[in-house]
Amino acid sequence: MDAVSSRRSHQLRDETGTDFLPSEAPCEMVAAPLDQPVPGRPALSSGPGVAVRRALVLASTAALTAVGCAKMYQVVEVGGVTVLEGLVLVLFCILLAWITFAFITALAGFAVTLARSRETIPIDLDGPLPALSSRTAMLLPTYNEDPDAVMVRLRAMIESAANTGAADRFDWFLLSDTTDPDIWIGEEAAFLALRDACPAHRVYYRHRADNLARKSGNIAEWVRRFGAAYDHMIILDADSLMSGETMVRLAYAMEQAPQAALIQTLPVIVNGSSLFARLQQFAGRLYGPVIASGNAWWYGAEGNYWGHNAIIRVAAFAQHAGLPELRGRKPFGGHILSHDFIEAALMRRAGWGIYMTVNLAGSYEEVPPSLIDYAARDRRWCQGNLQHLAVLPARGLHWVSRLHLLIGIGAYVTAPLWLAFLVLGILISLQANFVRPEYFPKGFALFPSWPAQDPVLAAQVFGATLGLLMIPKLLACLAALFTADRRRGFGGGLRLCAAVVTETLLSALIAPSMMIFQSVAVIDILLGRDAGWQVQRRSDGGVSRQEIFRKFALPSVCGVAMAAAAYAVSGPLLAWMSPVIAGLVLAIPIGLLTAGRGRGARLFTTPEDREPAPVLIRARELGEAPRQPHEAALHALRQDAELCRQHINALPAPPQRRPGDIDIDLATARARIAQAGGFAEAIGYLSRRETLAVLKDAATLQHLLALPA
């Protein structure tokens, strides 16, 4: 089938829609109130078994934390507890509880992995693919991404779904919030090429005129326009991949579990090309399943949502997951950035089950290629998670949903707490070394008061805390060594052990810089600075040396200051703090090393490298095919009449404006075009914002394209 006939077939199939979209099937979706409970389904319970599991996790966490805090008190109470020592003790108790909770969860996950326990949501992993009776929409939101890379992943998934024989059960939507005019038209050109390559499949494209509420608003707008036509939707990210078999099994699981609103898969990181990405890929593949298994073990029907690679029941989402706008100014007010946790909590509040599957394979994602890109993404997530402070008091939330919110907040708040803990420790040492102590405080005392700590007990507490951090890695390594297939997937036992040791050392060096970055992010947000919506860099990163030097200057300076302060006290204190100080002082070399492309692939191998799934192989083949370079937006539309026609037909009707309400960018663009003597001169006058305004206005665009060269 040639391109013209292919496009004509799409027109015939969707007579009431546009060339890019099907006919609309409106579905009501309104913002859920946070200050009042909402009527929902009959009460859903995870059962007494899950309740016992939660009690075990929380009681074990509390017991270990209490023991550790008691020991830490014994360390500092010799000679009386000073104000600084009291602050250190409080911070230690908070941070130890955080570490212990993760340790207990990993311990449970290790036991579940070895026992191969059945998951809370039953999914047949190995049987023949079931027949589906429901319709599922595959939604891929995108924002200023590489159009060709997005279409490569989309095509690989479409073909994988076709191989299951259930392609007629899935429709595909590319939901663009792109603001770069060249990328927007590049998306449309790549989309038309994709539809020509996959003529038998229902593939659609929608570009929003505004970016209201970002990704959550993007999904909500689709639900309001098309949601009534579908039972489920699978949410993807621009870097997501999912096999057709996984899609079918997820859709069937939703059919068989009418109480389920959402099933979250465990995405496996793939395609890491830099050393940093390989570290994340290896760690996620080895440690991730153990930790996730522990979480799923006590989640029950009160799971969480990570924003992508999950299937959602459209009716439950539309009725209960509409996000309200938070009161106040940004960064705490406004639209909720980290929408996923809240959407899951709201659906659970209404009586729907939120589940997680760890054992279902075929779900993939990519990771930022450098520590700088990872920190930039973390900055957005930090702001979104801190917004959850305003949602915590919402009425009717399940207590486990509130716990998820607290964990998300703690993931970032603990960074400045660690930093404060280290700084206070140095201040205590400096005080003991340079400030004359009060041996005889006011009032009668028979003996002097000696300000001291117990160094032996302090070393024991430090060793125990380090053990809580390291044992989960050891357990995950043992779980892989005990399973022949997983052991081979990581390149054998010796390579796996060597990779774990290397990953642990490199992660220990990276962690102090992340502590600084996250601490700065929290401080920025508390000072009222909004993160905005930045484009995420993918592939090999392309980080310049100048950018690395600039971004890692602050961690380096902090490291030098800590080293000087520790050395001023004593050599032993410097040695004691050397793991943190080394990571900070070496931040720039570590940034250069981990951003390098092609490093670590041999050592940090994963099962997906050695035996990639067909969808990964196909995506790689398509990605390696020669690409046609994309012209600038206006040049591309002038040279391709069909692309121009499709673009204009897909534009929404112009918004109704009040008298005196003027689109400044469009008005300026029209004035510049009127003064130009031809097309080339006109586009030379237009800024990026003005070009975007022209692309949104059919009359102005047609006038511009009709100008002589």
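Look a little higher up for the structure.
Residues numbered from 1 in each chain as written. Predicted model: local features only at pLDDT ≥ 70, side-chain atom pairs only at ≥ 80, totals over all residues. Heavy atoms only, no water.

## Observations concerning the overall build of the protein chain
Here's step 1: If you tally the helices and strands in the protein chain, you get 28 helices and 10 strands.
Here's step 2: In terms of principal-axis extent, the alpha carbons of the protein chain reach across some 100 × 60 × 55 Å.
Here's step 3: Taken across its 709 residues, the protein chain has 52% of its residues classed as buried.
Here's step 4: Here the contacts in the protein chain between residues at least 6 apart in sequence split such that 84% fall between residues at least 24 apart.
Here's step 5: Carbon and sulfur atoms form 61% of the exposed surface of the protein chain, whose accessible area is close to 31600 Å².
Here's step 6: Separation of charge centres in the protein chain, based on 64 positive and 61 negative side chains, amounts to 5 Å. (Helix = DSSP H or I, 4+ residues; strand = E, 2+ residues; numbered from the N terminus. Buried < 20%, exposed > 50% of the residue type's maximum accessible area, 1.4 Å probe, protein only. Contact = heavy atoms within 4.5 Å. Areas by Shrake-Rupley, 256 points an atom, 1.4 Å probe, with all protein chains shown as cover. Lys, Arg positive; Asp, Glu negative; His and termini not counted. Charge placed at Lys NZ, Arg CZ, Asp CG, Glu CD.)

## Observations regarding unusual backbone geometry
Here's step 1: For the peptide bond that leads from Lys330 to Pro331, omega is 10°, which places it in the cis range.
Here's step 2: Along the chain, Pro331 falls in the loop between helix H9 (314-320) and helix H10 (339-349).
Here's step 3: We note that Asn144 has phi near 55°; this positive angle belongs to a residue other than glycine.
Here's step 4: Within the element layout of this structure, Asn144 appears in the loop between strand E1 (136-142) and helix H4 (147-163).
Here's step 5: Positive phi is not limited to glycine here, since Arg214 has a value of about 55°.

## Some thoughts on the sheet that holds strand E7 (residues 268-269)
Here's step 1: Sheet architecture is open: three strands sit in the order E5-E10-E7, paired in mixed fashion. If you trace the sheet from one side to the other, it starts and ends with strand E5 (241-242) and E7, each paired once.
Here's step 2: Inspection of the sheet shows E5 paired to strand E10 (residues 363-365) by two bridges, in the antiparallel sense. The partner of Met242 across the bridge, within E10, is Ser363. (Pairing = 2+ DSSP bridges.)

## Structural notes on helix H17 (residues 553-569)
Here's step 1: A rise of 1.5 Å per residue sets the reference length of H17, with its 17 residues, at 24 Å; its end C-alpha atoms lie 25 Å apart and thus fit the reference within 8%.
Here's step 2: Taken as a whole, H17 has its buried residues at Pro555, Ser556, Gly559, Met562, Ala563, Ala565, Ala566 and Val569. (Expected span 1.5 Å × (residues − 1).)

## Concerning the state of the cysteines
Here's step 1: With the rule as written, the count across this model stands at zero disulfides.
Here's step 2: The thiol of Cys558 is not disulfide-bonded; the next cysteine sulfur, from Cys382, is found 17 Å away. (Disulfide = S-S within 2.5 Å.)

## Things to note about the sheet that holds strand E2 (residues 170-176)
Within a beta sheet, neighbouring strands are joined by backbone hydrogen bonds and run either parallel or antiparallel to one another.
Here's step 1: If you trace the seven strands from one edge of the open sheet to the other, you get E3-E2-E1-E4-E8-E6-E9, paired in mixed fashion. Each of the sheet's edge strands pairs with one partner strand only, and the pair in question is strand E3 (203-207) and strand E9 (353-356). Direction aside, neighbouring strands of the sheet carry axes that sit 20° apart on average.
Here's step 2: By the bridge criterion, seven bridges tie E1 to E2 in an arrangement that is parallel. Across the sheet, the residue bridging to Leu139 is Phe173, located in E2.
Here's step 3: Packing of helix H5 (residues 181-197) onto the sheet brings it into contact with E1, E2 and E3, and relative to E3 it is tilted by some 170°. (Axes fitted to C-alpha atoms, helices over the stretch in contact; angles between N-to-C directions.)

## Some words on the packing of helix H27 (residues 688-696) against helix H28 (residues 698-705)
Here's step 1: Here H27 crosses H28 at 105°, and the two axes come no closer than 5 Å. For the element pair H27 / H28, the angle class is roughly perpendicular. Across the interface between the two elements, Val694, Leu695 and Lys696 from H27 touch Ala698, Thr700, Leu701 and Leu704 from H28. (Parallel < 35°, antiparallel > 145°, perpendicular 65-115°, else oblique.)

## Digging into the side chain of Ser134
Here's step 1: Among the secondary structure elements, Ser134 is positioned in the loop between helix H3 (83-115) and E1.
Here's step 2: A relative accessible area of 5% means that Ser134 is categorised as buried.
Here's step 3: Only 2.5 Å separates the side chain of Ser134 from the side chain of Glu255, close enough to count as a polar contact.
Here's step 4: If near-sequence neighbours (up to four positions away) are discounted, Ser134 is found in contact with Arg169, Asp231, His232, Ala251 and Glu255. (Polar contact = N/O pair within 3.5 Å; in protein donor to acceptor, adjacent residues only side chain to side chain.)

## So, the packing of aromatic side chains
Here's step 1: A complete count under the given rule lists 18 aromatic pairs for this structure.
Here's step 2: Both rings, one in Phe173 and one in Phe226, keep their centres 5.7 Å apart while their planes meet at 40°; by these two values the pair is tilted. Residue Phe173 is found in strand E2, and its partner Phe226 is found in helix H6 (residues 214-226); the two are separated by 53 residues along the sequence. Residue Phe173 shares its accessibility class with Phe226, and that shared class is buried. (Phe/Tyr/Trp six-rings, centres within 6.5 Å; stacked < 30°, edge-to-face > 60°.)

## Notes on the pattern of salt bridges
Here's step 1: Within the structure shown, the criterion is met by 30 salt bridges.
Here's step 2: Between Arg689 and Asp665 there is a salt bridge, with its nearest N and O atoms 3.0 Å apart. Placement of Arg689 in helix H27 and of Asp665 in helix H25 (residues 664-675) is noted, with a sequence separation of 24 residues between them.
Here's step 3: Salt bridges sharing common partners tie together Glu24, Arg206, Glu221 and Arg225. (Salt bridge = Lys/Arg side-chain N within 4 Å of Asp/Glu carboxyl O.)

## Quick word on the side chain of Arg208
Here's step 1: Relative to the elements of secondary structure, Arg208 occurs in the loop between E3 and H6.
Here's step 2: Exposure remark for Arg208: the relative accessible area of 7% places this residue in the buried category.
Here's step 3: Within the structure, the side chain of Arg208 is placed 3.0 Å from the backbone oxygen of Leu212, a separation counted as a polar contact.
Here's step 4: There is a polar contact of 3.4 Å between the side chain of Arg208 and the backbone oxygen of Gly217.
Here's step 5: If we ignore the near neighbours within four places in the chain, the residues touching Arg208 are Ser176, Asp177, Arg214, Gly217, Asn218 and Glu221.

## Quick notes on H27
One turn of an α-helix holds 3.6 residues; hence residues three or four places apart share an orientation.
Here's step 1: Of all the residues in H27, the buried ones are Glu690, Thr691, Leu692, Ala693, Val694 and Leu695.
Here's step 2: Next to the buried residues of H27 lie H5, helix H23 (633-639), helix H24 (641-650), H25, helix H26 (679-685) and H28.

## Examining the nonpolar core
Looking at soluble globular proteins, one finds that nonpolar side chains tend to be buried together.
Here's step 1: Among the nonpolar cores identified, the biggest contains 106 residues, and Met157, Trp172, Phe173, Trp222, Met233 and Leu704 are the most heavily contacted of them.
Here's step 2: Filtering out sequence-adjacent residues up to four positions away, Trp222 remains in contact with Ala137, Leu139, Phe173, Leu175, Arg206, Gly227, Tyr230 and Met233.
Here's step 3: Core analysis: the second largest hydrophobic core is formed by 33 residues, Leu371, Phe490, Leu496 and Phe517 among them. (Core = buried A, V, L, I, M, F, W, Y, C linked by side-chain atoms within 4.5 Å.)

## Focus on the environment of Glu503
Here's step 1: Looking at the secondary structure, you find Glu503 in helix H15 (residues 493-526).
Here's step 2: We classify Glu503 as buried; its relative accessible area is 3%.
Here's step 3: In this structure the C-alpha to C-alpha distance between Glu503 and Arg278, which are 225 residues apart in sequence, comes to 9.7 Å.
Here's step 4: If we skip the residues at most four places from it in the chain, Glu503 touches Leu279, Phe282, Ala283, Tyr287, Lys473 and Phe604.

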